[in-house]
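Overview (structure and organization)
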Amino acid sequence: MVRFDNSRLSGWLSGGDRSFRGRLIAAVALVGIPVSWGSALFNLALGSPTWTVLLNVIAGFVIVALMLFARRTGRFQLAYLIAVVGLFVVLFPALFFAGGGYHSGMPIFFMFAIAFSAIILQGRALWILVPLEAAVFTTSLAVAYLQPQLVVPLGSEAAILSDVIFTMISTGIALVVALRLLIGLYEQNQRQLKVQNEALARVDRARAEFLAQVAHELNTPLTVIRAHAQEAGSDLIRDPAQVGRDVAVIEAEADRLGRLVSQLLDLARINEGRLILERAPVDLDEVIQQTLQAYRPLWTQHGNTLAVARDSDSPIVLADRERVIQVLVNLISNASRHTDHGTITVSVGRVDDRARVCVTDTGSGMAPERLATLGEGPVRDRPDGLRSARDTGLGVGLVISRHIVTAHSGELTFSSVVGQGTTACFTLPLAEVAADQG
């Protein structure tokens, strides 16, 4: 089946005007050019005056010139205005009187000109020129009727019939081109609308899932806090030591809740491009030691042992101190969440011209398909076999961590073996190297 397709030629002629109006004009121009030159040959064969043949030839070149002018200058409306005035208002009446008057196909061209002008013109030009065309064409018909000597008649009835057939076919082809273009654009818009609706539906589902996970993550520490607060109230006199333990749990869960809220705020800043880094020389070993000391209760609450393995040197990096701490806390928190009574090891070293920090755990590990998407976006599904609420997570911390590391011109990578553990590493620029490059 042959499919009508004028997209390449009409795209070339319409240039930057990719609207329906621009593409329609270009498509009709593709028909108008051969019709003008075909009319010249047709009139030549019928023995019409030479100047009518030349007018048709010139009309074809005028169409080409106007489309090239519009393409190169971008002044499409000016080109359309010149086309309507020059071709329809001036040239068509001249061809009407030179080519048989209303005993020819020119009245069909008059009708086409009015309809086409109503499509391509806008604003004041539309309301002025379309009525002007109608008045000019009506006047031409009236003058031809009242003053028939002003009309150059066609040579025979056969010539009249041939001219009408030629005009009918050429305008019909122009209308077919316009309608096919309209149908094609409609179908294309429907396909795009379907794709966009499907994308919006996916976004809505992802948003609903994410909000459900946020609600779950926020509710978990709140439930724990509420339960231990009630226990602390009942044990206040009976078991003061238990009250202390309850308060410690409440503090830990409150810290967890605060970190989650901060991560959500940071995620919003990242999406809006408002997360700003304040770089300065930072002693990476000192930052790690202070962070581990400050957050030790968090790492050890599941019976894990925290170890530090570092090289002989303590690299100085050019980084945002608070954001480096945030990345470190996120990685160790993630390791602690998936490790029971195991070991979490933090190591520091140098790789080429960068410092490298790795967090290794002896936890459950993860499958390669999940490993490949870590840090690319919030978690949208939950793995099978979750042991407890702490095994779940939004993945927001890793998203933020990847963004922070990337903003430092570093790289965040993961490796894991199911049942043996996971290693997360990130790199930061050395201060001495950054100074040399600066």
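Please read all numbers here as calculations on a predicted model, not as lab measurements.

It is worth spelling out the pattern of salt bridges at this point. Going through the model one piece at a time under the given rule, you end up with one salt bridge. E432 is paired through a salt bridge with R350; the nearest N and O atoms lie 3.6 Å apart. Here E432 is found in helix α14 (residues 431-437), whereas its partner R350 is found in strand β4 (residues 343-351), with 82 residues between them in sequence.

This next bit is on the state of the cysteines. Per the counting criterion, the structure on display carries one disulfide. Between the sulfur atoms of C358 and its disulfide partner C425 the distance amounts to 2.0 Å. Disulfide C358 to C425: torsion about the S-S bond roughly 110°, handedness right-handed. In this pair, C358 sits in strand β5 (residues 354-361) while C425 sits in strand β7 (residues 421-429), placing the two residues 67 residues apart along the sequence. By relative accessible area, C425 is classed as buried at 6%.

Here we take up empty space enclosed by the protein. The final tally for this structure, using the stated rule, is two cavities of 30 Å³ or more. Lining the largest cavity are 40 residues; nearest its centre among them are G32, S36, I63, F92 and F109. With 10 residues, the top contributor of residues to the lining of the largest cavity is helix α2 (residues 20-46). Taken as a whole, the second largest cavity spans an internal volume of roughly 120 Å³. Lining the second largest cavity are 13 residues, and of these L331, N334, A335, D361 and T422 lie nearest its centre. Elements represented by at least two residues in the lining of the second largest cavity include exactly α11 (321-337), β5 and β7. Here the lining of the second largest cavity is composed, by residue class, of seven nonpolar, five polar and one charged.

Let us now look at the nonpolar core. Inside soluble globular proteins, nonpolar side chains tend to come together where they are buried. Judged by nonpolar contacts, the single largest core of 42 residues is most densely connected at L284, L331 and I332. A79, F88, F109 and A113 belong to the second-largest nonpolar core, a separate cluster that totals 34 residues.

Attention now goes to the UniProt feature "transmembrane region" (unreviewed entry) in the protein. In the numbering used here, UniProt assigns the feature "transmembrane region" (unreviewed entry) to residues 24-45, 51-71, 78-98, 104-121, 126-146 and 158-183. With 100% helix and 0% strand, residues 51-71 has end C-alpha atoms that lie 30 Å from one another. When the span residues 78-98 is considered, its composition is 100% helix and 0% strand, and the gap between its end C-alpha atoms is 28 Å.

With that settled, the discussion passes to a nonpolar patch on the surface. The grouping of L78, L81, I82, V85 and V90 at the surface amounts to a nonpolar patch, some 360 Å² of accessible area in total. Examined against the element boundaries, V85 turns out to sit in helix α4 (residues 76-98).

We now examine the environment of Y295. With respect to the helices and strands, Y295 occurs in the loop between α9 (284-294) and α10 (296-300). When the C-alpha atoms of Y295 and V329 are compared, they prove to be 8.0 Å apart, with 34 residues separating the residues in sequence.

What follows covers the pairing of strand β3 (residues 316-319). Side chains V317 and A319 of β3 all project onto a buried face; the interleaved residues I316 and L318 project onto a face where none is buried. One ladder, built from four bridges, connects strand β1 (residues 280-283) with β3; its direction is antiparallel. The partner of P281 across the bridge, within β3, is L318.

Along an α-helix, a turn takes 3.6 residues, which lines up residues three or four apart on a common side. Those residues of α9 that sit buried are L284, D285, V287, I288, T291 and L292. Down the axis of α9, the smallest arc covering the buried residues is 160°, so these residues share one side. Turned more than 90 degrees from where α9 packs its buried face, Q293 and A294 sit exposed. At the N-terminal end of α9, a side-chain oxygen is found 3.2 Å from the backbone nitrogen of D285, two or three residues along, and the residue is D283.

This part covers the packing of α9 against α11. Where α9 meets α11, the closest approach of the two axes is 10 Å, and the angle between their N-to-C directions is 55°. Between α9 and α11, the interaxial angle falls into the category oblique. In this structure, α9 meets α11 at a crossing whose hand is right-handed. Residues L284, V287, I288, Q290, T291 and L292 of α9 pack against R321, V324, I325, L328, V329 and I332 of α11.

On to the packing of aromatic side chains. Applying the stated rule across the entire model yields seven aromatic pairs. With centroids separated by 6.3 Å and ring planes inclined at 75°, the aromatic side chains of F88 and F116 adopt a geometry described as edge-to-face. Taken together, the residues F88 in helix α4 and F116 in helix α5 (residues 106-120) connect sequence positions 28 residues apart. Look at F88 and you get buried, because its relative accessible area is 8%. Here a set of aromatic residues connected by ring pairs shows up, and it is made of F88, F92, F109, F112 and F116.

What counts and what doesn't
- Residues numbered from 1 in each chain as written.
- Predicted model: local features only at pLDDT ≥ 70, side-chain atom pairs only at ≥ 80, totals over all residues.
- Heavy atoms only, no water.
- Salt bridge = Lys/Arg side-chain N within 4 Å of Asp/Glu carboxyl O.
- Helix = DSSP H or I, 4+ residues; strand = E, 2+ residues; numbered from the N terminus.
- Disulfide = S-S within 2.5 Å.
- Buried < 20%, exposed > 50% of the residue type's maximum accessible area, 1.4 Å probe, protein only.
- 1 Å grid on protein atoms, 1.4 Å probe; cavity = no way out; pocket = protein on both sides within 12 Å on 5 of 7 lines; lining within 4 Å.
- Points joined across faces, edges and corners; volume = space filled by probe spheres on them.
- Nonpolar A, V, L, I, M, F, W, Y, C, P; charged D, E, K, R; others polar.
- Core = buried A, V, L, I, M, F, W, Y, C linked by side-chain atoms within 4.5 Å.
- UniProt positions renumbered as here; feature names shortened; annotations may be inferred.
- Patch = residues over 30% accessible without salt bridge, like charges linked within 9 Å, V, L, I, M, F, W, Y side chains within 5 Å.
- Areas by Shrake-Rupley, 256 points an atom, 1.4 Å probe, with all protein chains shown as cover.
- Pairing = 2+ DSSP bridges.
- Arc of directions from axis to C-beta.
- Polar contact = N/O pair within 3.5 Å; in protein donor to acceptor, adjacent residues only side chain to side chain.
- Axes fitted to C-alpha atoms, helices over the stretch in contact; angles between N-to-C directions.
- Parallel < 35°, antiparallel > 145°, perpendicular 65-115°, else oblique.
- Left-handed = near helix turned anticlockwise from the far one by under 90°.
- Contact = heavy atoms within 4.5 Å.
- Phe/Tyr/Trp six-rings, centres within 6.5 Å; stacked < 30°, edge-to-face > 60°.

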